[in-house]
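# An overview of the molecular structure
What follows is the residue order along each chain.
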Amino acid sequence: MVAGFMAEGAITRGRPTRCKGEIPMLYDEDQLAFEVELKRYAHLEVLLGVLERDKKQMGHLKMGEIYQYQLEQIMDQCLRDMAEIRDYFRQSQGEIIQTVQLAGERLVEYKYKGYRYQVKYLNEFMRVECGEMLKGYMKLKRDGTM
């Protein structure tokens, strides 16, 4: 708890909670860029887990080997993208403290310039956004065409 910004158990959607008498912090462009990459990283973690689970369930399909190969290619690209984001995190002034999957949301706690933040991503929105990411990896347009 740096400078009294985070109350115990407070969910702030990336914004620090102010205590009485504290001056509100302003976001800079670097922090906004960090949060964009943080969101992308959290979504890639979920997408990778889903793809791994789907890959295990393809054994009974007649063309399962081909589908598994495509999933492996997508998973490799996800891992490369995650590695790039981790490199970005190392160079930035922020770091992920922990990620917790709750019943209806994914909670990510991170530190930026010495201040602790929490952001939550609702599972329903993550499902849609992960689907859009997967379409991007598969080179599909939003309407499902190539």
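Residues numbered from 1 in each chain as written. Predicted model: local features only at pLDDT ≥ 70, side-chain atom pairs only at ≥ 80, totals over all residues. Heavy atoms only, no water.

## Looking at the nonpolar core
Just so we agree on the cut-off: As used here, the term nonpolar core means buried Ala, Val, Leu, Ile, Met, Phe, Trp, Tyr and Cys residues forming a set that is joined through side-chain atoms within 4.5 Å. Burial classes: relative accessible area under 20% of the type maximum marks a residue as buried, over 50% as exposed, and values in between as partly exposed (1.4 Å probe, protein chains only). Every helix listed is a DSSP run of H or I at least four residues long, and every strand listed is a run of E at least two residues long, numbered separately from the N terminus.
With 26 residues, the main nonpolar core has Leu38, Leu44, Leu47, Leu51, Cys78, Tyr110 and Tyr121 as its most contacted residues. Of all elements in the fold, only helix H1 (29-56), helix H2 (64-91), strand S2 (105-112), strand S3 (115-122) and helix H3 (123-137) reach the threshold of two or more residues within this core. Per-element tally for this core: the top contributor is H1, with eight residues.

## What to know about the sheet that holds S3
So the rule is basically this: Here a strand pair is declared whenever DSSP counts at least two bridges between the two strands. Angles run from 0 to 180 degrees between N-to-C directions of axes, and those axes are lines fitted to C-alpha atoms, restricted for helices to the stretch in contact. Here a residue-residue contact requires only that any non-hydrogen atoms of the pair lie within 4.5 Å.
Taken together, three strands build an open sheet; the order of strands is S1-S2-S3 and the sheet is antiparallel. Of all the strands in the sheet, the pair left with one neighbour each is strand S1 (94-101) and S3. Strand-to-strand twist of the sheet, defined as the mean angle between neighbouring strand axes without regard to direction, takes the value 20 degrees. Bridge count between S1 and S2: seven bridges; the pairing is antiparallel. Bridging across to S2, Val100 finds its partner in Leu107. Along the sheet, H3 makes contact with S1, S2 and S3, crossing S3 at roughly 75 degrees.

## Quick notes on unusual backbone geometry
For Lys113, which is not glycine, the phi torsion reads 50 degrees and is therefore positive. Along the polypeptide, Lys113 turns up in the loop between S2 and S3. Exposure remark for Lys113: the relative accessible area of 40% places this residue in the partly exposed category.

## Description of the environment of Met75
Checked against the element boundaries, Met75 lands in helix H2. Taking the C-alpha atoms as reference points, Met75 and Tyr137, 62 residues apart in sequence, are found 9.3 Å from one another. Setting aside its immediate chain neighbours within four residues, Met75 contacts Leu48, Leu51, Glu52 and Lys55.

## Side note on the confidence of the model for the protein chain
We apply this condition: pLDDT expresses how confident the predictor is about each individual residue, on a scale running from 0 to 100.
Of all residues in the protein chain, 77% have pLDDT values of 70 or greater, and the mean over the chain is 83. This stretch, residues 1-12, has a pLDDT under 50; its non-local contacts, to residues over four places away or in other chains, come to 30 contacts. A low-confidence stretch, residues 17-21 (pLDDT under 50), is modelled with 11 contacts involving residues beyond four sequence positions or located in other chains.

## Focus on the pairing of S2
The buried fraction of S2 is high, at seven of eight residues. Taken together, the eight bridges between S2 and S3 define a ladder with antiparallel strand orientation. Along S3, the bridge assignment pairs Tyr110 with Tyr117. Linkage of S2 to S3, two consecutive antiparallel strands, is achieved through a turn of two residues, within which Lys113 is found at a positive phi near 50 degrees.

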